[in-house]
Amino acid sequence: MKTIIIIYNIILFSYALYHLIRTIIFINKTHINVTNSINKNTKIIILIPCLEEQKIIKDTVKHFDKIINNNPNISINLITTEKEIQKDNNDTTYEYIKKNIIGKYNNINLIHYPYKEGYMADQLNYAIKKINSNKTINKDNTYICVYNADSYPSKNTFNEVLNQINTHNNPLILQQYSYSFLNIDSLNIILKGFAIYQSNFELKMGLLNSYFNNKLHKHILGHGLFVRLDYINKINGFNTKYWCEDIYLSMYLEQENTKIIPLLTLENMETANSISNLTKQNAVWFNTSSKCISIYKEIKKSTKKRTISGIIGLINEIRSFINWLFFPILLLFIIISSILINSYNLTIITIFNYLIYIYIYYITTIKIINHLDNKQYKFNIKIYLGTIIATFISNIGPLYSIIVSPKEKHKTAR
């Protein structure tokens with residue numbers, strides 16, 4: 001048992017050290033090109049699906065209008081849904097947008113998904129169908145860009161997107177990764193810890209893995225995603241069978257060995273405002289991730305081939321959801337085991353090692369955010385303690401998914 005405990009501690013420390021070194025290399029090598037890019041041919045169509053977003057959509061639109069800076073080649077489509085039910089005689093999001101947004105901004109349109117069934121992917125596919133009906137659009141030079149109603153991308157986002165499109169000669173996929181600090185000041189200590197935990201995952205597993213283009217797990221998101229219109233048409237739009245269309249698309253891209261071009265500008269987004277909301281939100285993500293073998297089989301069938309990159313992507317997805325579910329359980333098992341064998345030195349080493357691991361990923365997370373988004377976040381002992389707790393209970397979403405097995409996709413409350 002001592003050998004297992006020692007091996008566990010070596011692996012945990014080595015992984016933290018590896019991530020620290022990789023972050024230092026990334027920060028030293030990167031800088032954001034914020035110069036205005038001239039690209040008169042490329043068009044960007046932003047899609048923002050909305051469901052019960054009356055409280056926040058106007059501020060989100062103001063933010064996008066400001067950073068688009070009257071670029072005539074960038075437009076916004078707000079996508080409401082018939083699924084939304086009117087409550088207490090208040091306007092639905094569709095009615096609110098018609099009254100307060102449409103006609104007051106340039107290049108902002110409203111698309112209403114006319115069905116009461118379906119999720120975000122269905123709204124997106126409906127909007128893409130509408131866009132495709134415009135025969136004047138050059139589909140290999142037009143990008144569909146997906147954001148959430150609470151998305152706040154960096155002011156330099158679209159300058160960088162156009163620069164990256166020019167540099168990489170119209171790539172198929174670009175992805176802006178995110179951190180979850182938008183509402184951090186209003187959160188309790190544990191949720192602040194989860195804001196660090198989630199941000200670390202997105203920046204470490206998403207941004208850094210895509211930037212270094214290694215064989216580790218990398219993914220795209222359902223927001224901050226730029227897809228060339230002809231490519232999304234080729235793959236028949238976003239998957240609607242699984243709750244998280246981004247996990248499906250991530251595995252599809254791995255199967256096709258399609259390079260993800262990561263943006264160096266970031267998106268700032270909200271963390272769920274309660275443990276209950278966060279648990280249910282994470283359960284949705286885990287529900288799809290845990291079905292990765294079924295997803296892989298479907299992708300292999302649709303592409304009619306088996307690829308090495310697709311198999312590696314499947315292995316990485318399996319490893320990811322297993323780690324999510326079992327990391328806290330294994331940590332607890334190691335600590336209890338060291339106590340039961342009366343090896344208190346190993347108990348202290350394990351706990352100290354865990355604290356070092358959390359410290360490194362907290363520090364590297366805020367260093368990346370400060371570097372890329374021009375922020376001044378500093379180490380905070382209370383948030384550090386919250387991150388220790390949050391990581392230790394980080395599998396509450398997966399456990400909820402397994403035990404409760406929810407039948408409906410949870411909509412995060414605003």
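As the structure is a computational prediction, the values presented were derived from the model and not from experiment.

Conventions used here
- Residues numbered from 1 in each chain as written.
- Predicted model: local features only at pLDDT ≥ 70, side-chain atom pairs only at ≥ 80, totals over all residues.
- Heavy atoms only, no water.
- Pairing = 2+ DSSP bridges.
- Helix = DSSP H or I, 4+ residues; strand = E, 2+ residues; numbered from the N terminus.
- Phe/Tyr/Trp six-rings, centres within 6.5 Å; stacked < 30°, edge-to-face > 60°.
- Buried < 20%, exposed > 50% of the residue type's maximum accessible area, 1.4 Å probe, protein only.
- Core = buried A, V, L, I, M, F, W, Y, C linked by side-chain atoms within 4.5 Å.
- Contact = heavy atoms within 4.5 Å.
- Salt bridge = Lys/Arg side-chain N within 4 Å of Asp/Glu carboxyl O.
- Expected span 1.5 Å × (residues − 1).

(A) View of the sheet that holds strand 4 (residues 142–146). One open sheet accounts for seven strands, arranged 3-2-1-4-8-6-9; its pairing is mixed. Bordering the open sheet on either side are strand 3 (108–113) and strand 9 (261–262), each of which pairs with just one other strand. The pairing of strand 6 (residues 173–175) with strand 9 spans two bridges and is parallel. Counted as the bridge partner of Q175 is P262 from strand 9.

(B) Summary view of the packing of aromatic side chains. Scanning all chains against the criterion turns up 20 aromatic pairs. Ring centres 6.2 Å apart and planes at 25° place the aromatic pair Y242 and Y248 in the stacked group. Considered together, Y242 and Y248 belong to a single accessibility category, that of buried residues. With a centroid separation of 6.2 Å and 85° between ring planes, the pair formed by Y359 and Y384 is classed as edge-to-face. With Y359 in helix 12 (residues 344–373) and Y384 in helix 13 (residues 381–392), the pair connects residues that are 25 residues apart, well separated along the chain.

(C) Representation of the nonpolar core. Residues L47, I173, F181, L207, F238, L249 and Y357 are the most contacted members of the largest nonpolar core, which totals 83 residues. Counting residues per element, this core draws most heavily on helix 12, which supplies 12 residues. Dropping the residues within four chain positions of it, I173 is found in contact with I220, L225, F226, V227, Y231, L253, T258, K259, I260 and I261. Ranked by size, the runner-up nonpolar core spans 30 residues in total, among them I68, I76, A149 and I165.

(D) Region of interest: the pattern of salt bridges. Going through the model one piece at a time under the given rule, you end up with four salt bridges. Across the salt bridge formed by E298 and K241, the nearest N and O atoms sit 2.4 Å from each other. Taken as a pair, E298 in helix 10 (residues 292–303) and K241 in the loop between helix 7 (229–234) and helix 8 (245–255) lie far apart in primary sequence, 57 residues in all. Owing to a relative accessible area of 25%, E298 belongs among the partly exposed residues under this scheme. With relative accessibility at 57%, the residue K241 sits in the exposed group.

(E) Spotlight on the environment of H219. Mapped onto the fold, H219 is located in the loop between helix 6 (189–212) and strand 8 (225–228). For the pair H219 and Y94, spaced 125 residues apart in sequence, the C-alpha to C-alpha distance is 32 Å. Once you skip the residues sitting within four places of it in the chain, H219 turns out to touch Y177, F201, E202, M205, G206, S250 and I260.

(F) Here's a closer look at the pairing of strand 8. Residues of strand 8 alternate between two faces, with L225 and V227 on one and F226 and R228 on the opposite face, all of them buried. Of the pairings in the sheet, the one linking strand 4 to strand 8 comprises four bridges and is antiparallel in character. Among the inter-strand pairings, Y143 is bridged to a residue of strand 8, identified as R228. Both strand 6 and strand 8 contribute to a ladder of three bridges, which runs antiparallel. Within strand 8, the position partnered with L174 by the bridge is F226.

(G) View of helix 9 (residues 275–289). If you check helix 9, its first and last C-alpha atoms are 21 Å apart, about what 15 residues at 1.5 Å a residue would give, namely 21 Å. Summarising burial for helix 9: 11 of the 15 residues are buried, a large majority. Among the residues of helix 9, N277, L278, T279, Q281, N282, A283, V284, F286, N287, T288 and S289 are the ones counted as buried. Buried residues in helix 9 make contact with helix 6, helix 8, helix 10, helix 11 (308–340) and helix 14 (396–404).

(H) Up close: the environment of I329. With respect to the helices and strands, I329 occurs in helix 11. Remark: the alpha-carbon pair of I329 and F392, spanning 63 residues in sequence, is separated by 8.5 Å.

(I) Representation of unusual backbone geometry within the structure. Of note in the backbone geometry, K304 takes a positive phi value of approximately 60° without being a glycine. One can find K304 in the loop between helix 10 and helix 11. Overall, the relative accessible area of 76% leaves K304 in the exposed class. Phi is positive for S405, which is not a glycine, with a value near 50°.

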